[in-house]
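Per-entry structural report
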Amino acid sequence: TPFPVVLCYLERPRHHPFLIGVSGGTASGKSTVCAKIMELLGQNKVDHRQRKVAIVSQDSFYRVLTPEQKSKALKGQYNFDHPDAFDNELMYKTLKDIVEGKVVEVPTYDFVTHSRLQDRITVYPADVVLFEGILVFYSQEIRDMFHMKLFVDTDSDVRLSRRVLRDMKRGRDLEQILAQYTTFVKPAFEEFCLPTKKYADVIIPRGVDNMVAINLIVQHIQDILNGDICKWQRSSVGGHSRGFKRIISEQGETPLSKRVPLEPSSRPH
């Protein structure tokens, strides 16, 4: 009947967004997956004020380093992959404001100088917000805010090669990159990032190359943008993400609650 539908819209105003967390190891393709979702939804060419889908990166919330820490960072001796490297309090407050439909100012982090820039990124209210980063599922307080959780699962050798190429473009030498990877990045991935994979509702092997998974996610987001909001609300009782799993099941696909990837997921190292 139409009556419950009216109640759903009253309980969830248009700009209280559907929040999606996107996690995965370093250089797994998280931002590329988010960009592909934006492209397929036709949102990448829309003015920032008018976008229905927004992307926010956890990288924006790195802490302001002390002079001693900055000196270590410039030598590749600072652990940017540890949970303490992030300003978790600011990150939580920003996400809370986003969920409440507020306009927020997100910091801009410069990976060359390892410092925050004066310029800030304005994020306007949107219907769907993608929040991506290596440790977005690590804190339960933040993890519980997501309505859907995605984990981009990419082979460790592929991730390392991508990271080497990316960091060399930032002006760093190969020896320093590899030393930082073996000292900090790999151990932190295994201790802090990989265990959070169990919280994911959808695991995406091969990242942006897995268009079957991405198209399913895009279709679900499109349903939300088209106003079919009550479907996930009705089925999300007792857990934010169960609504997405049920929608996929109703369409005749394998229930995502089983979290079976389309091919065996790679085990890092």
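Residues numbered from 1 in each chain as written. Predicted model: local features only at pLDDT ≥ 70, side-chain atom pairs only at ≥ 80, totals over all residues. Heavy atoms only, no water.

1. A closer look at the packing of helix α2 (residues 30–40) against helix α8 (residues 211–225)
For clarity, the threshold we go by: Note on geometry: axes are lines fitted to C-alpha atoms, helical ones only across the stretch in contact, with angles between N-to-C directions running from 0 to 180 degrees. Elements are defined by DSSP. Helices are runs of H or I of four residues or more, strands are runs of E of two residues or more, and each kind is numbered from the N terminus. Any angle that is under 35 degrees is reported as roughly parallel, and any over 145 degrees as roughly antiparallel; angles of 65 to 115 degrees are reported as roughly perpendicular and all others as oblique. Each crossing gets its handedness from the near helix: less than a right angle anticlockwise from the far helix is left-handed, clockwise is right-handed. Every residue pair with non-hydrogen atoms within 4.5 Å of one another is taken to be in contact. In this classification, Asp, Glu, Lys and Arg are treated as charged, Ala, Val, Leu, Ile, Met, Phe, Trp, Tyr, Cys and Pro as nonpolar, and every other residue, Gly included, as polar.
Two numbers describe how α2 lies on α8: the axes approach to 10 Å, and their chain directions differ by 55°. The angle between the axes of α2 and α8 places the two elements in the oblique class. Here α2 and α8 pass one another in a crossing that is right-handed. In this structure, α2 contributes Val 33, Lys 36, Ile 37 and Leu 40 to the contact, and α8 contributes Met 211, Ile 214, Asn 215, Ile 217, Val 218 and Ile 221. Residue composition of the contact of α2 with α8, grouped by class: eight nonpolar, one polar and one charged.

2. Re the pairing of strand β5 (residues 128–132)
The condition that has to hold: Partly exposed describes any residue whose relative accessible area lies between the buried limit of under 20% and the exposed limit of over 50%, with all areas from a 1.4 Å probe on protein chains only and scaled to the type maximum. Two strands make a pair as long as DSSP finds a minimum of two bridges between them.
The buried fraction of β5 amounts to five of the five residues, a majority that puts the element mostly inside the structure. Because side chains alternate across β5, one face comprises the buried residues Val 128, Leu 130 and Glu 132, and the other comprises Val 129 and Phe 131, equally buried. Bridge count between strand β1 (residues 18–24) and β5: five bridges; the pairing is parallel. The residue of β5 that forms the bridge with Leu 19 is Val 129. Bridge count for strand β2 (residues 53–57) against β5 is five bridges, and the pairing is parallel. In the sheet register, Ala 54 faces β5, and the bridge partner there is Val 129.

3. Some remarks on the environment of Lys 36
Take Lys 36: it is sitting in helix α2. Taking C-alpha positions, Lys 36 is 9.5 Å from Met 211, a pair spaced 175 residues apart along the chain. If we ignore the near neighbours within four places in the chain, the residues touching Lys 36 are Val 208, Met 211 and Ile 214.

4. Digging into a nonpolar patch on the surface
Our working rule: Exposure above 30% relative accessible area and no salt bridge define the residues that can form patches, which grow by joining like charges within 9 Å and nonpolar side chains of Val, Leu, Ile, Met, Phe, Trp and Tyr within 5 Å. Computed with a 1.4 Å probe, the accessible areas rest on the Shrake-Rupley method; for each residue, only the protein chains presented here act as cover. For salt bridges, the criterion is a side-chain nitrogen of Lys or Arg within 4 Å of an Asp or Glu carboxyl oxygen.
On the surface, Met 168, Leu 174 and Leu 178 cluster together into a nonpolar patch covering about 250 Å² of accessible area. Its place among the elements puts Met 168 in helix α6 (residues 156–169).

5. Re helix α4 (residues 88–99)
So the rule is basically this: By this rule the span expected of a helix is its residue count minus one, scaled by 1.5 Å. Working note: the arc is built from the helix axis to C-beta atom directions.
If you check α4, its first and last C-alpha atoms are 16 Å apart, about what 12 residues at 1.5 Å a residue would give, namely 16 Å. Those residues of α4 lying buried are Met 91, Thr 94, Leu 95, Asp 97 and Ile 98. The buried residues of α4 occupy an angular sector of 160° when projected down its axis, which confines them to one face. The outward face of α4, more than 90 degrees from its buried face, is lined by the exposed residues Glu 89 and Lys 93.

6. As for the nonpolar core
Applied cut-off: Working definition of a nonpolar core: buried Ala, Val, Leu, Ile, Met, Phe, Trp, Tyr and Cys residues. They are joined through side-chain atoms within 4.5 Å.
In this structure, Val 56, Phe 80, Met 91, Leu 95, Val 129, Phe 131 and Phe 146 are the most contacted members of the largest nonpolar core, which totals 36 residues. Mapped onto this core, the elements with two or more residues apiece are β2, α4, β3 (104–110), β5 and α7 (174–193). Residue contributions to this core peak at four residues, all from α7. Excluding residues within four positions of it along the chain, Val 56 makes contact with Phe 61, Ile 98, Val 106, Val 123, Val 129, Leu 130, Phe 131 and Glu 132. Core analysis: the next-biggest nonpolar cluster, separate from the first, contains 23 residues, Val 33, Ile 37, Leu 130 and Ile 217 among them.

7. Considerations on the environment of Leu 130
Structurally, the position occupied by Leu 130 is in strand β5. Here the alpha-carbon distance between Leu 130 and Ile 37, two residues 93 residues apart in the chain, equals 9.5 Å. Every residue in contact with Leu 130, bar those within four places of it in the chain, is listed here: Ile 20, Val 22, Cys 34, Ile 37, Val 53, Ala 54, Ile 55 and Val 56.

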